[in-house]
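Read off the chains here:
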Amino acid sequence: MSGPLPRIYLPRLATVMTATVMTATIWAPAAQAAPRRFDVPALPLEQALRRVAEQGQVQILFSGDQVRAHAGAAVSGTLEPEAAFRRVLARSGLSIRQIDRRTFIVVSPPAPPAAARPVPTPPPVDTAEPVREVVVVAQRAILNPRQDTDRFDGSLAAPQATALLSRSDVERTAARNVTEALGVLPGVTVLNTGRSFSGGVDSASRAEGLFSAFRGLNTEFNLNMIDGVSLAQGLPNSRGVQLNLLPPTGFQSIVLSKVPTPDMDGDVISAAIDFRTPSAHDFRARQHLSLSVSAYDNRRAHAYDTSGQGGGIGVEYARRFGRDERFGLYFSHTEDRRRYANSEIAGIMSAQNDAGWAYLSSDSLKGTLPAGANPQSLLTATALNVGASTGESRARYDVLTLTGRFDGGWEGWLRATAAHNRTDQNSTLSQTVGRNLSWNDDGSGRYRLSVGSVSTRLWYETNPDLASLSAVSLGARRQTGAWTLTPSLFFSQGRSDRPERIEASVRVDQMDSYNKAQRRPFSGLLIGYENGFPTPQLTPELYADLDSVGERLLARRAGQFTVQTSRQYRQGGRFDAEYTTDAGALRQLAFGVKWTQSVREVTDRDWTNAYFADLLGRGGVTWSDLGLIRGYYDDVFPGRFDWRLPKVDHDRLADYFHRYVTAQSFDTCATLAVNNDNCNRQHGRETVAAAYLSARWVVGRLEIAPGLRYEQTRIDNRFWVIPAPPAGVTEVPGHWGQSRTAYGVGLPSLRLNYRPDEAHVWRLALWRGYTRPAFMLLGSGVRYQPADDGTSLLRQGNPALKPVTALNLDLAVEGRSPGGTRYSFGAYTKRLEHYLFDSGGSGSELLFGRTVDLRSLSPRNGGQGVAQGLEAEARHDWALAGGTLSLGGTLSRQWTHVDLGSDELGRKIAMQNAPDWLANLSATYRYKRATLTLSAQHTGAYLASYNALYTPGDWDNVWVRPATRLDLGADWQVRSRLRLSLSATNLTGAYSYWAHVGKDSLALSDIIDSGQRLSLSLRYAY
């Protein structure tokens, strides 16, 4: 995408101006540049010329004295750049002259008609009075010769509240992917957990931004696009999109629309994010080729004496060809490989999986919460998982863009992107699990907790991840008079698979046909705390168990194996028509239709093998006996805990599983094979038909843009039904069931922009948005399960769920001060109905608004919710020591609350993933060819998930602690074609993730220490 071009002031250089003008007049008339879409309001002429150059992706030269006293006329429509300049200059008496295909100059004498000047002659130039100022608006000669969009100038000119990131903006961050890059924008929360197949601490242990949430709303309230194509949502239980698949350097610009426009899909409440790929016309030269190499080092891995290194390569090629360079080809390919080894504390996992929590004191022998007591003040862990998460990620990203301009006013394009990522993640966790809990009378009528025995264990689990994301658009545009017609076809695919997950464990108290082992005796509190950090209180025997698990603990099962897949395919077409005019109040009228069909497939199957002792016919079998231990890490959590952690032979464990797997191992959710094969399978088909109408009036300096969009949706789900068995029968074969859900939603909008001058804009927008429920909520499988009292419990989806709807009000002011400070301030409020939240993929029993009685369990909608916030962003540049110092930052304050529909979840509680404060601060110093950037990013505390312990009341939510990260980046243009970039992330070594149960308690905590990350990249352009 084009952007504001550098402005260079050359005082008192009359000879330069004279030479430039004469050069323009002696060159033969150049070929016309390709038509572009222009939308420039009436502005002072200097500003208007800059805008036309930006939008036309051309260069313009003019004298500051020439244009300062003139006003530019408005320009709107698809035009040749020369025609657009002529319209802007219509009231000034000045003329435009073309030097070459992409360079124009403003001249004072009127230019004669083209037919009358087959050989142009130089106009007279008065050099008696020196020109005080020449303004050159041109492309910056940089290694990557694209025009960069200044974030503030670009958003100032946009028709709605918008935040922009150019490629150079992203490259100045230390981001590994676009999710992390978006974190520099106001109101954006970067989330490193929430995966549907692998949520919580499992995904957080990768220490990578996976999702982006905006303005106090979860990620599934976003609309995510590549080149205007809405992306398929590959996750099984969510409509969120896994944006970590996209590299930070893969796009020409990122446009975040805080107020979506009527031509965009209406399935959005928070923000519409469009990732725009480059084309050949975004480059200065006719042909461009660049090669890049990069290297990474995740420093935490060195604490485990293992490699955290990785690297990547990239190639980028662009070429314009054909008559007048009408056609363009762009292609890029990048590959990336990263290794990591991060330290992990999994206290919440222990509390949920091993019932590893209790109250420190009680008023009874049963350990119940004393009447009137604060549960968070008495909360403690009785079990803990400590270990390491190691892994390797391999990514590939490709872009292909073909553009062309044809006779008859036609333009055409083919844009395709494909991202693929394979991550192999292995977590090895030492476990201490307290058992035989008792509460003993301390003589004062209070009963104090004591752990009577401990089960020492080791748990090994893998979380392989195979994810992909792609988008293709094929379209054309024709300009005919004042009308622009745009038909297009599109396709998108999303995939999120967990292909071959395996887990196994050893424990001191293994019970099977041959082992009758006992737990270790204990007395007192098992888990202590040091500044909130959970710490096991180990006896010498417990320490020896954990330090030598291969020899002291007994092998359990021969593996549990899981295969999960989730895919979505989206395809469709659209037709848009737009009428533009420069006369009268009505400047633009647009309408269009769109048809989209999506297909969703989800599967989940599980196999659990028998115990090793039963399979081998003997007791006392350890992992060392089985050859599953191939060494140890010296410290389980370097800097905290010093017992050893084994290195598990993954391939040998997989071999054992496949050797001993039987038909009886297949146990997804039932006994019969047909039920196990299908109970977690779902097929969904969603069809959306939409139409919109919008207009834009200009009355003086006020722009009025009303719009209306209507979407009709039909969702058909097909799922497996396991009926209730008759008396005396354990299970009966199931059958396929189906459900249908239909929505019809009208989405009116009104946008007002008031531009008192070229440097300021005031905005107001009132609009309605909605978000449809995820497929799995509407039509998950139906099954009966035994309940505690012997009755049957019915689990099923709910096709009657309503979409979340929201009425949104946005206010903003953007501008530039006379001193050069660029700023924007915004305020918003969103009132939601029928709220839903992300379950984290834990199954339908944890989905929002569950209703539980003795007969049924099903998701349902909640009540109203409100999200409100304030945002500010500013930047100022100073000349300093021969260079330029830039200070910039963002600050966001958010308030949210929602009725979740039950006392256990909360009647008025914070929304998910909505930090109270978000802030970014950066300082950049540019000196000649070098750039140095120091940046800090702060994310306040936020609620991550609801009702973690299933206790009465709404106190047991999972909260994430505030986090501040400090990064450093450096960039050096070694030569005109060679650039070297360095970055260091998390300079202070802060924990990358710390979540805890209860807003005011750290007793049950998940903690990830991922250390620092260093990266180096080198790029050469030919």
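The structure displayed is predicted, hence computed values, not measured ones.

Sorry, what's going on with the sheet that holds strand S8 (residues 162-166) here?
Paired through their backbone hydrogen bonds, the strands of a sheet run either parallel or antiparallel. Taken in spatial order, the 5 strands of this open sheet run S8-S13-S14-S11-S12, and their pairing is mixed. Of all strands in the sheet, those bounded by a partner on one side alone are S8 and strand S12 (229-230). Sheet analysis places S8 next to strand S13 (residues 253-257), joined by 5 bridges and oriented antiparallel. Looking at the pairing, Ala-163 lines up with Leu-256 of S13.

What is the right way to read a nonpolar patch on the surface from this model?
Residues Leu-750, Leu-764, Leu-766, Leu-807, Leu-809 and Leu-811 make up a contiguous nonpolar surface patch of about 450 Å² in total accessible area. Put simply, the parts of the chain that give the nonpolar patch at least two residues each are strand S37 (760-771) and strand S40 (804-816). No other element matches the 3 residues that S40 contributes to the nonpolar patch.

In this structure, what is going on with the environment of Arg-709? I would like to understand it.
Following the sequence through the fold, Arg-709 ends up in strand S35 (residues 702-722). A relative accessible area of 3% places Arg-709 in the buried class. Sequence separation between Arg-709 and Asp-263 is 446 residues; the distance between their C-alpha atoms is 7.7 Å. Excluding residues that lie within four positions of it along the chain, Arg-709 makes contacts with Pro-262, Asp-263, Met-264, Asp-265, Gly-266, Lys-594, Ala-690, Ala-691, Tyr-692, Val-745, Gly-746 and Leu-747. A polar contact of 3.1 Å, which involves the side chain of Arg-709, links it to the backbone oxygen of Met-264.

Mind showing me how you'd approach the packing of aromatic side chains here?
How two aromatic rings sit relative to each other is given by the distance of their centres and the angle of their planes. Here the structure, examined in full by the defined rule, presents 29 aromatic pairs. Plain terms: the ring middles of Phe-251 and Phe-275 are 5.3 Å apart, the flat faces sit at 40° to each other, and that makes the pair tilted. With a gap of 24 residues between them, Phe-251 in the loop between S12 and S13 and Phe-275 in strand S14 (residues 272-276) connect regions that are remote in the sequence. Consider the rings of Phe-612 and Tyr-656, whose centres lie 5.4 Å apart with planes at 90°: the pair is edge-to-face. With Phe-612 in helix H14 (residues 612-616) and Tyr-656 in helix H16 (residues 650-660), this pair connects stretches of sequence that are 44 residues apart. By relative accessible area, Tyr-656 is classed as buried at 8%. Aromatic rings pair up to connect Phe-533, Tyr-543, Phe-637, Phe-641, Trp-643, Tyr-991 and Trp-994 into one cluster.

What's the story with the state of the cysteines in this structure? I'm lost.
Think of a disulfide as a covalent bridge from one cysteine sulfur atom to another cysteine sulfur atom. If you walk through the whole model with that rule in mind, you get 1 disulfide. Covalent S-S linkage joins Cys-669 and Cys-679, the inter-sulfur distance amounting to 1.9 Å. Handedness here is read from the sign of the S-S torsion; for Cys-669 and Cys-679, about -140°, the answer is left-handed. Of this pair, Cys-669 sits in the loop between H16 and helix H17 (673-678) while Cys-679 sits in the loop between H17 and strand S34 (682-699), and the two are 10 residues apart along the sequence. Overall, the relative accessible area of 3% leaves Cys-679 in the buried class.

How should I be thinking about the pattern of salt bridges in this particular structure?
Where charged atoms from two side chains of opposite charge come close, those side chains can pair. Applying the stated rule across the entire model yields 52 salt bridges. A salt bridge links Arg-299 to Asp-297, with the shortest nitrogen-to-oxygen separation between them at 2.7 Å. Exposure remark for Arg-299: the relative accessible area of 36% places this residue in the partly exposed category. With its nearest N and O atoms 3.5 Å apart, the salt bridge here joins Asp-971 to Arg-979. Residue classification places Asp-971 among the partly exposed residues on the basis of a relative accessible area of 22%.

Can you walk me through the packing of helix H2 (residues 45-56) against helix H4 (residues 81-88) in this structure?
Each pair of packed helices gets described by two things: the angle between the helix axes and the distance between those axes. H4 packs onto H2 with a crossing angle of 165° between their chain directions and a minimal axis gap of 10 Å. Classified by the angle their axes make, H2 and H4 are roughly antiparallel. Pair H2 / H4 crosses with right-handed handedness. Within the contact between the two elements, H2 uses Leu-45, Ala-48, Leu-49, Val-52, Ala-53 and Gly-56 and H4 uses Pro-81, Ala-84, Phe-85 and Val-88. Of the residues contributing to the contact of H2 with H4, the split by class is 9 nonpolar, 1 polar and no charged.

Please explain the environment of Gly-234 as it appears in this structure.
Along the chain, Gly-234 falls in the loop between S12 and S13. Assessed through its relative accessible area of 8%, Gly-234 is described here as buried. Considering only alpha carbons, one finds Gly-234 and Arg-600, 366 residues apart in sequence, at a separation of 8.2 Å. Aside from chain neighbours lying at most four places away, what touches Gly-234 is Gly-494, Arg-495, Ser-496, Ser-566 and Arg-567.

Honestly, the pairing of strand S22 (residues 410-441) in this entry has me stumped. Any pointers?
Along any regular strand the residues' side chains alternate between the sheet's two faces. Pairing between strand S21 (residues 383-406) and S22: 24 bridges, direction antiparallel. Along S22, the bridge assignment pairs Gly-387 with Leu-429. The hairpin formed by S21 and S22 contains 3 residues between the paired strands, and Gly-408 there has a positive phi angle of roughly 85°. Across 14 bridges, the pairing between S22 and strand S24 (residues 465-480) is antiparallel. Counterpart to Thr-417 in the pairing with S24 is Ala-471. As defined by bridge partners, S22 adjoins strand S23 (residues 447-462) across 15 bridges and the pair is classed as antiparallel. Bridge pairing links Asn-440 to Arg-448 in S23. Between S22 and the antiparallel strand that follows it, S23, lie 5 residues; Gly-443 among them carries a positive phi value of about 95°.

Which parts of the structure should I look at to understand the side chain of Thr-189?
The topology assignment puts Thr-189 in strand S9 (residues 188-191). With sequence-adjacent residues up to four places away left out, Thr-189 is seen in contact with Phe-211, Ser-212, Ala-213, Asn-913, Pro-915, Leu-918 and Thr-939.

Please explain the confidence of the model for the protein as it appears in this structure.
Where the model shows low pLDDT, its predicted coordinates should not be examined in detail. On average, residues of the protein score 86 in pLDDT, and 88% of them reach the 70 mark or higher. Low pLDDT, under 50, characterises residues 1-31; the stretch is placed with 94 contacts to residues that sit more than four places away or in other chains. A low-confidence stretch, residues 110-149 stays under pLDDT 50, and its non-local contacts, those more than four residues away or across chains, total 120 contacts.

I tried to follow the pairing of strand S30 (residues 560-580) on my own but got confused; where do I start?
When strand S25 (residues 483-507) meets S30, the two strands line up antiparallel, connected through 17 bridges. Following the sheet pairing, Thr-484 is matched in S30 by Glu-578. When S30 meets strand S31 (residues 586-608), the two strands line up antiparallel, connected through 21 bridges. Bridging from a neighbouring strand, Gly-572 pairs with Thr-596 of S31. Once S30 ends, the chain turns through 5 residues before running back antiparallel as S31, passing Gly-584 with a positive phi of about 75°.

What is the right way to look at the side chain of Ser-279 in this model?
Checked against the element boundaries, Ser-279 lands in the loop between S14 and strand S15 (287-298). The residues contacting Ser-279, other than those within four sequence positions of it, are Tyr-330, Thr-401, Thr-403 and Arg-415.

Could you clarify how one ought to interpret helix H12 (residues 540-547) in this entry?
It helps to recall that an α-helix has 3.6 residues per turn; residues three or four apart then point in one direction. Listing the buried residues of H12 in full gives Leu-542, Asp-545, Leu-546 and Asp-547. Against S22, S23, strand S26 (520-521), helix H13 (549-552) and strand S32 (629-633) lie the buried residues of H12.

Honestly, the nonpolar core in this entry has me stumped. Any pointers?
A general feature of soluble globular proteins is that nonpolar side chains tend to end up buried together. In this structure, Ile-345, Val-386, Trp-623, Leu-626, Phe-641, Val-997 and Leu-1004 are the most contacted members of the largest nonpolar core, which totals 77 residues. Per-element accounting of this core gives the leading share, 5 residues, to S23. Residue contacts for Ile-345: discarding those within four places in its chain leaves Val-201, Leu-384, Asn-385, Val-386, Phe-533, Pro-534, Phe-637, Phe-641, Ser-1005, Asp-1006 and Ile-1007. Counting 34 residues, the second largest nonpolar core, distinct from the first, contains Leu-182, Val-229, Ala-271 and Ala-318.

Hey, could you run me through the environment of Arg-907 in this one?
The residue Arg-907 is located in the loop between strand S45 (883-898) and strand S46 (917-927) in this model. Beyond its immediate sequence surroundings of up to four residues, Arg-907 is in contact with Val-898, Asp-899, Gly-901, Ser-902 and Asp-954.

Cut-off values and rules
- Residues numbered from 1 in each chain as written.
- Predicted model: local features only at pLDDT ≥ 70, side-chain atom pairs only at ≥ 80, totals over all residues.
- Heavy atoms only, no water.
- Pairing = 2+ DSSP bridges.
- Helix = DSSP H or I, 4+ residues; strand = E, 2+ residues; numbered from the N terminus.
- Patch = residues over 30% accessible without salt bridge, like charges linked within 9 Å, V, L, I, M, F, W, Y side chains within 5 Å.
- Areas by Shrake-Rupley, 256 points an atom, 1.4 Å probe, with all protein chains shown as cover.
- Salt bridge = Lys/Arg side-chain N within 4 Å of Asp/Glu carboxyl O.
- Buried < 20%, exposed > 50% of the residue type's maximum accessible area, 1.4 Å probe, protein only.
- Contact = heavy atoms within 4.5 Å.
- Polar contact = N/O pair within 3.5 Å; in protein donor to acceptor, adjacent residues only side chain to side chain.
- Phe/Tyr/Trp six-rings, centres within 6.5 Å; stacked < 30°, edge-to-face > 60°.
- Disulfide = S-S within 2.5 Å.
- Axes fitted to C-alpha atoms, helices over the stretch in contact; angles between N-to-C directions.
- Parallel < 35°, antiparallel > 145°, perpendicular 65-115°, else oblique.
- Left-handed = near helix turned anticlockwise from the far one by under 90°.
- Nonpolar A, V, L, I, M, F, W, Y, C, P; charged D, E, K, R; others polar.
- pLDDT = per-residue confidence, 0-100.
- Core = buried A, V, L, I, M, F, W, Y, C linked by side-chain atoms within 4.5 Å.

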